[in-house]
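Architecture at a glance
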Protein chains: 2
Amino acid sequence: MSPHTPPLSRRLDGLQSSAIRDLLKLTARPDIVSLAGGLPDEQLMPREAIARAAESALADPSRLQYTESAGWGPLREVLASRESVRLGRPVPLEEIFVTHGSQQALSLLGEVLLDPGALVVVEDPAYVGALQVFRAAGARIVAIPLDADGMRVDALTELLERGERPALVHTVSNFHNPRGVTLSPQRRRELAALAERYGFWVVEDDPYGELWFDRPAPQAVASYSPNVIRLSSASKILAPTLRVGWMIAPNEVCRGVELLKQGADLCGSALTQQIAADLLADEPWLGAHLDKVRGIYGERATALVSAVRARFGDRVVSTDAAGGMFVWLDFTDGTDTVELLPRAIDHGVAYVPGSAFAVSQPYRGSMRMCFTTSDAAVLTDAVDRLGRAVDAAG
Amino acid sequence: MSPHTPPLSRRLDGLQSSAIRDLLKLTARPDIVSLAGGLPDEQLMPREAIARAAESALADPSRLQYTESAGWGPLREVLASRESVRLGRPVPLEEIFVTHGSQQALSLLGEVLLDPGALVVVEDPAYVGALQVFRAAGARIVAIPLDADGMRVDALTELLERGERPALVHTVSNFHNPRGVTLSPQRRRELAALAERYGFWVVEDDPYGELWFDRPAPQAVASYSPNVIRLSSASKILAPTLRVGWMIAPNEVCRGVELLKQGADLCGSALTQQIAADLLADEPWLGAHLDKVRGIYGERATALVSAVRARFGDRVVSTDAAGGMFVWLDFTDGTDTVELLPRAIDHGVAYVPGSAFAVSQPYRGSMRMCFTTSDAAVLTDAVDRLGRAVDAAG
């Protein structure tokens with residue numbers, strides 16, 4: 001900028017662009033099979049059903065107008081009815097808040113729930129969009145490791161017993177991004193009990209719960225305590241273009257989010273909110289659509305995990321990929337996935353190094369692979385390319 | 001909340017719901033003619049053109065996916081081309097940023113440009129959505145009065161000469177909300193020169209500029225200096241449901257906003273952004289559409305101002321309503337518009353008291369009336385009801 005240009009805020013110091021986004025730009029080359037993305041498969045999105053719903057929405061002039069900050073009424077009703085079933089209690093309308101994707105719910109909750117310096121507990125490795133929000137809120141961040149049963153609630157208990165008092169604990173409860181694992185039912189009960197005993201909020205961030213392959217995800221953490229705020233989204237089950245996420249939270253939290261939403265962007269789109277409402281309300285259609293997506297993602301996940309195990313044997317430990325969009329892989333042979341990446345790209349395959357999601361641990365031997373947008377043959381070929389890159393390193 | 005519920009952030013203390021929004025809830029009764037709203041007329045929104053563009057957008061699966069944080073590429077190209085004409089210089093793509101309505105641009109700029117305690121100059125009366133953002137950013141706010149030629153730049157000059165150093169000056173340059181006035185060409189040049197001389201940002205917030213009645217709005221303030229960040233929106237010229245606003249700003253500002261947008265909500269909707277792109281790119285269609293809206297809004301504005309002058313004579317001073325959506329009215333006879341409101345509602349008419357927009361001055365004798373959503377006969381009747389309410393007070 002020229003010497004006469006006014007300065008920018010100090011808030012920008014130290015803020016960096018998402019490493020994953022920057023990487024995605026590099027791996028858009030057509031000769032590269034990218035497992036580095038984190039996108040659902042646009043070919044599986046219900047284009048025709050969305051087009052029909054859009055046409056129907058646009059028949060009503062009021063769908064072109066501003067809508068309520070908390071979300072278009074009929075969408076909130078559909079969500080209240082679905083979440084009542086999920087949570088096993090009648091969820092009143094004032095506890096439903098529609099956001100611009102669940103990222104906006106996280107962002108507004110960061111302002112509503114956190115004073116600067118508040119302690120926030122995240123998982124390690126973590127969803128980077130949550131880290132970004134909590135850092136922007138000026139929180140002090142402590143990470144709890146994950147294992148095959150999700151967040152190590154025993155480690156959280158130790159932290160609390162040492163006297164730490166978090167304002168908020170964030171968990172991706174189902175088919176974790178990036179770690180692939182699901183919080184066990186036993187730990188869900190324990191986490192909710194800790195939240196009530198020590199008086200903290202749990203944010204149960206659940207965009208992937210409906211994408212199970214063999215069996216449904218366990219009962220929601222939010223079903224165990226009103227201290228658990230539940231987030232979900234239409235992005236992974238319908239389409240990101242709708243920009244529809246939602247939050248189930250106590251009325252007081254929803255009203256705080258509403259005040260901030262007015263300043264943030266006034267309201268969402270009545271058009272895309274009616275599309276989401278129509279599709280989510282049509283249970284037979286939605287069931288068939290989700291069965292199709294689950295079936296195809298499940299096949300892809302199985303192909304990827306099988307290829308990884310066949311190619312690397314006991315040189316890696318990988319998640320089982322029981323749902324969601326990601327497989328997490330730990331090399332046990334000393335492979336450094338940050339050093340490997342340029343060579344992998346030379347061999348025509350990309351992934352995200354574990355370090356991109358790291359909070360306390362380095363995860364230099366780990367990587368995240370996304371299986372949603374490639375078929376079984378491409379995934380198998382990608383693992384073969386990765387194998388040759390690893391061999392070339394040895 | 002129960003005693004075991006965790007606390008909310010102190011940021012919420014003192015934040016209040018918008019007075020206008022709360023008032024709107026009260027005046028939704030069918031027997032009340034409400035001039036209190038601030039909505040464009042949904043009957044004039046181009047429903048069929050939007051439906052055609054939606055159908056075309058949804059023919060491409062990639063329009064269902066996440067899109068770039070800075071906005072869908074082809075929309076940014078259309079905006080760059082339009083803004084190049086408006087600003088009289090080639091505007092490069094990296095200076096165009098698409099937001100979720102221009103309210104989101106204001107909100108993200110509040111974070112990108114302002115450190116806590118920074119001085120922000122606003123107009124008095126002010127656009128309340130801007131006040132909300134600047135207060136949330138922890139700014140110190142000073143208000144400059146408006147007259148028939150817009151912001152009193154002489155008063156700003158005095159402020160600067162007294163040694164005050166604003167980080168940012170906010171102006172609604174065309175057909176001000178709520179004040180109805182337009183910044184004169186001479187003052188635009190002066191404001192831009194002051195921004196360069198004293199090194200502050202100007203945010204030229206321009207959602208109404210295309211809604212002129214007799215002659216186009218003056219040359220954009222942003223055409224006089226790169227220190228001026230220009231905001232505009234599709235909400236008032238196409239439809240709010242698109243949630244498409246845009247910002248023209250130096251590359252460094254756009255990149256700062258991009259980092260924050262990723263944390264705020266990742267990205268906008270490729271579907272509604274293609275709809276906006278298609279409609280804004282079709283110049284013959286857009287020209288005819290805008291001519292129609294201008295014509296109808298112009299008739300309504302004229303009807304309202306004529307009725308006010310006929311009914312109240314020299315007991316009021318009203319703006320001329322040369323464009324936009326609002327008429328501002330100052331009673332010169334001591335009428336208190338806050339005290340009048342309940343009686344006006346009894347007589348079947350609602351408006352927003354000037355005090356709802358007040359920063360330094362009380363504006364107890366002023367009101368804002370919105371003429372967009374009622375026809376001439378209804379507006380004339382509304383003024384008659386208002387007259388009876390005022391008479392009943394006398």
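Cut-offs applied
Going along each chain's sequence as written, the residues are numbered from 1 onward. Just so you know, chain letters begin at A and ligand numbers begin at 1, following the order they were written in. Only residues with pLDDT of at least 70 get local features here, since the model is predicted, and only at 80 or more are side-chain atom pairs given and counted; chain-wide, interface and lining totals rely on the full set of residues. Side-chain calculation: all heavy atoms of the structure are included, whereas hydrogens and water are not. Strands here mean DSSP runs of E at least two residues long; helices mean DSSP runs of H or I at least four residues long; both are numbered from the N terminus. Each radius of gyration is computed over the set of C-alpha atoms, and the globule rule expresses the reference value as 2.2 Å times the number of residues to the power 0.38. Summary of the burial criterion: residues with accessible area below 20% of their type's maximum are buried, those above 50% are exposed, and those between are partly exposed, where the area comes from a 1.4 Å probe applied to protein chains only. By definition in these notes, contact holds between two residues if any of their heavy atoms fall within 4.5 Å. The buried area of a pairing is the accessible area, by a 1.4 Å probe, that goes missing from both parts when the two are put together, added over both. Definition used for salt bridges: Asp or Glu carboxyl oxygen within 4 Å of a side-chain nitrogen of Lys or Arg. Each residue receives one of three labels: charged for Asp, Glu, Lys and Arg, nonpolar for Ala, Val, Leu, Ile, Met, Phe, Trp, Tyr, Cys and Pro, and polar for the others, Gly being one of them. Whether two strands pair depends on DSSP finding at least two bridges between them. Helix axes are fitted only over the stretch in contact, all axes being lines through C-alpha atoms; the angle between N-to-C directions runs from 0 to 180 degrees. We call a set of buried residues a nonpolar core when its members are Ala, Val, Leu, Ile, Met, Phe, Trp, Tyr or Cys and they connect through side-chain atoms within 4.5 Å of each other. Whether a crossover is right-handed depends on one test, that the path from the first strand over the helix to the second runs clockwise when the strands point away from the viewer. Note: the arc covers the axis-to-C-beta directions of the helix. In this comparison the copies share one frame, found by least squares on the C-alpha atoms of residues holding pLDDT of at least 70 in both. Nitrogen and oxygen atoms within 3.5 Å of one another constitute a polar contact, given that in protein one can donate a hydrogen and the other can accept it, and given that sequence-neighbouring residues count only through two side-chain atoms. Every angle not falling under 35 degrees, over 145, or within 65 to 115 is termed oblique; those three ranges are roughly parallel, roughly antiparallel and roughly perpendicular. Every helix has an expected span of 1.5 Å times one less than the residues it contains. UniProt positions are given in the numbering used here, feature names are shortened, and annotations may be inferred rather than shown by experiment.

**Some points on the overall build of chain A**
On a plain count of helices and strands, chain A comes out with twelve helices and 14 strands. In summary, chain A has a C-alpha radius of gyration of 21 Å against a globular reference of 21 Å for 394 residues, a match within 12%. Principal-axis analysis of the C-alpha atoms gives chain A an extent of 60 × 60 × 55 Å. Residues counted as buried form 62% of the 394 residues belonging to chain A.

**Digging into the interface of chain B and chain A**
Counting from both sides, the interface comprises 75 residues of chain B and, opposite them, 76 residues of chain A. Each partner contributes to the roughly 6,700 Å² buried at the junction of chain B and chain A, and carbon and sulfur atoms together form 57% of this total. If you sort the residues of chain B by the area they bury against chain A, B:R11, B:L64 and B:Y66 come out on top, with a joint share of 10%. Joining chain B to chain A, the criterion identifies two salt bridges. Put simply, B:R10 and A:D115 hold a salt bridge, and the shortest N to O gap is 3.5 Å. For the side of chain B that touches chain A, the leading source of residues is helix α8 (residues 251–265) of chain B, giving nine residues. Residues belonging to the side of chain B that touches chain A are distributed by class as follows: 36 nonpolar, 26 polar and 13 charged.

**Remarks on the sheet that holds strand β11 (residues 326–331) of chain A**
Residues and elements named next belong to chain A. Spatially, four strands are ordered β10-β11-β14-β13 in an open sheet, and the strand pairing comes out antiparallel. In this open sheet, the two strands that pair with only one neighbour each are β10 (316–318) and β13 (352–353). By the bridge criterion, three bridges tie β10 to β11 in an arrangement that is antiparallel. Residue V317 lies in a different strand from β11, and its bridge partner there is D330. Across the face of the sheet, helix α10 (residues 283–312) comes into contact with β10, β11 and β14 (366–370) while running at roughly 165 degrees to β10.

**As for the nonpolar core**
Ranked by size, the top nonpolar core spans 242 residues in total, and within it A:L156, A:F200, B:F134, B:L156, B:F200 and B:M247 carry the most contacts. Setting aside residues no more than four positions away along its own chain, B:M247 makes contact with B:E95, B:I96, B:F97, B:A105, B:L109, B:I229, B:R230, B:L231, B:V253, B:C254 and B:V257. The next biggest cluster of nonpolar side chains, apart from the first, holds 33 residues, and it includes A:A70, A:L109, A:V133 and A:M247.

**What about the pairing of strand β4 (residues 140–147) of chain A?**
All names here are of chain A. As paired strands, strand β3 (residues 119–124) and β4 are joined by six bridges and run parallel to one another. What sits directly across from V120, in β4, is I141. In this view, the connection linking β3 to its parallel neighbour β4 by way of helix α5 (residues 128–136) has right-handed handedness. Bridge analysis of β4 against strand β5 (residues 150–151) gives two bridges, and the strand direction is antiparallel. Considered in β5, the bridge of D147 is made with G150.

**Here we look at helix α2 (residues 47–57) of chain A**
Residues and elements named next belong to chain A. When we look at burial in α2, the residues that qualify are A49, I50, A53, A54 and A57. Taken end-on, α2 shows its buried residues confined to a sector of 135 degrees, consistent with a single buried face. Among the exposed residues of α2, those oriented more than 90 degrees off its buried face are E48, R52 and E55. Buried positions along α2 lie against α9 (270–281) and α10.

**As for the relation of the copies chain B and chain A**
Mapping chain B onto chain A calls for a screw motion: a turn of 180 degrees about the axis and a shift of 0.0 Å along it, with 0.0 Å RMSD after fitting. Both copies are brought into coincidence by an operation consistent with a two-fold rotation axis. A share of 100% of the interface residues of chain B reappears at the interface of chain A, consistent with the copies meeting face to face through the same patch.

**Details of the environment of A:H170**
All names here are of chain A. Among the secondary structure elements, H170 is positioned in strand β6 (residues 168–171). Look at H170 and you get buried, because its relative accessible area is 2%. Note: C-alpha distance between H170 and V203 (33 residues apart in sequence) is 4.8 Å. Side chain to side chain, H170 and D205 meet in a polar contact 2.9 Å long.

**Remarks on unusual backbone geometry**
Most peptide bonds take the trans form, and the phi angle of most residues other than glycine is negative. Backbone torsion omega between A:N177 and A:P178 reads 10 degrees, so that peptide bond is classified as cis. As for its placement among the helices and strands, A:P178 is situated in the loop between β6 and α7 (185–198). At the junction of B:D124 and B:P125, the peptide bond is cis and its omega measures out at 0 degrees in the coordinates. Relative to the helices and strands, B:P125 is located in the loop between β3 (119–124) and α5 (128–136). Backbone geometry at B:F175 places phi at a positive 50 degrees, although glycine is not the residue there. Positive phi values are uncommon outside glycine, yet B:Y363 reaches one of about 50 degrees.

**Regarding the packing of helix α8 (residues 251–265) of chain A against helix α4 (residues 101–113) of chain B**
Each pair of packed helices can be summarised by the angle the axes make with each other and by the distance between the axes. The geometry of α8(A) relative to α4(B) is characterised by a closest axis approach of 5 Å and an angle of 100 degrees between their N-to-C directions. One way to sum up the angle between α8(A) and α4(B) is to call them roughly perpendicular. Contacts between α8(A) and α4(B) involve A:Q262, A:G263, A:A264 and A:D265 from the first element and B:Q103, B:Q104 and B:S107 from the second. Residue composition of the contact of α8(A) with α4(B), by class: one nonpolar, five polar and one charged.

**Some thoughts on helix α9 (residues 270–281) of chain B**
Taking 1.5 Å of rise per residue, the twelve residues of α9(B) would be expected to cover 16 Å, and the 16 Å separating its terminal C-alpha atoms lies within 8% of that figure. Of all the twelve residues making up α9(B), ten are buried; the element is thus mostly covered by neighbouring parts of the structure. Every buried residue of α9(B) is listed here: B:A270, B:L271, B:T272, B:Q273, B:Q274, B:I275, B:A276, B:A277, B:L279 and B:L280. Contacts from the buried residues of α9(B) go to α9 of chain A together with α2 (47–57), α3 (73–87), β2 (96–99), β9 (245–248) and α10 (283–312) of chain B.

**A closer look at the pattern of salt bridges**
Counted by the stated rule, this structure contains 51 salt bridges over all chains. The partner of A:R63 in a salt bridge is A:D60, with the nearest N and O atoms 3.0 Å apart. The exposure class assigned to A:D60 is partly exposed, which follows from its relative accessible area of 28%. Two residues, B:R309 and B:D320, come together in a salt bridge whose shortest N-O distance is 3.1 Å. Pair noted here: B:R309 is in helix α10 and B:D320 is in the loop between β10 (316–318) and β11 (326–331), with a separation of eleven residues, a long-range link. A residue is classified by how much of its surface remains accessible, and B:R309, at 39% relative accessible area, is partly exposed. A residue is classified by how much of its surface remains accessible, and B:D320, at 61% relative accessible area, is exposed.

**Points about the UniProt feature "domain: Aminotransferase class I/classII large" (unreviewed entry) in chain A**
Cross-referencing UniProt, the feature "domain: Aminotransferase class I/classII large" (unreviewed entry) maps to residues 39–386 of chain A in the present numbering. Strand forms 16% of residues 39–386 of chain A and helix 43%; the C-alpha atoms that close the span are 21 Å apart.

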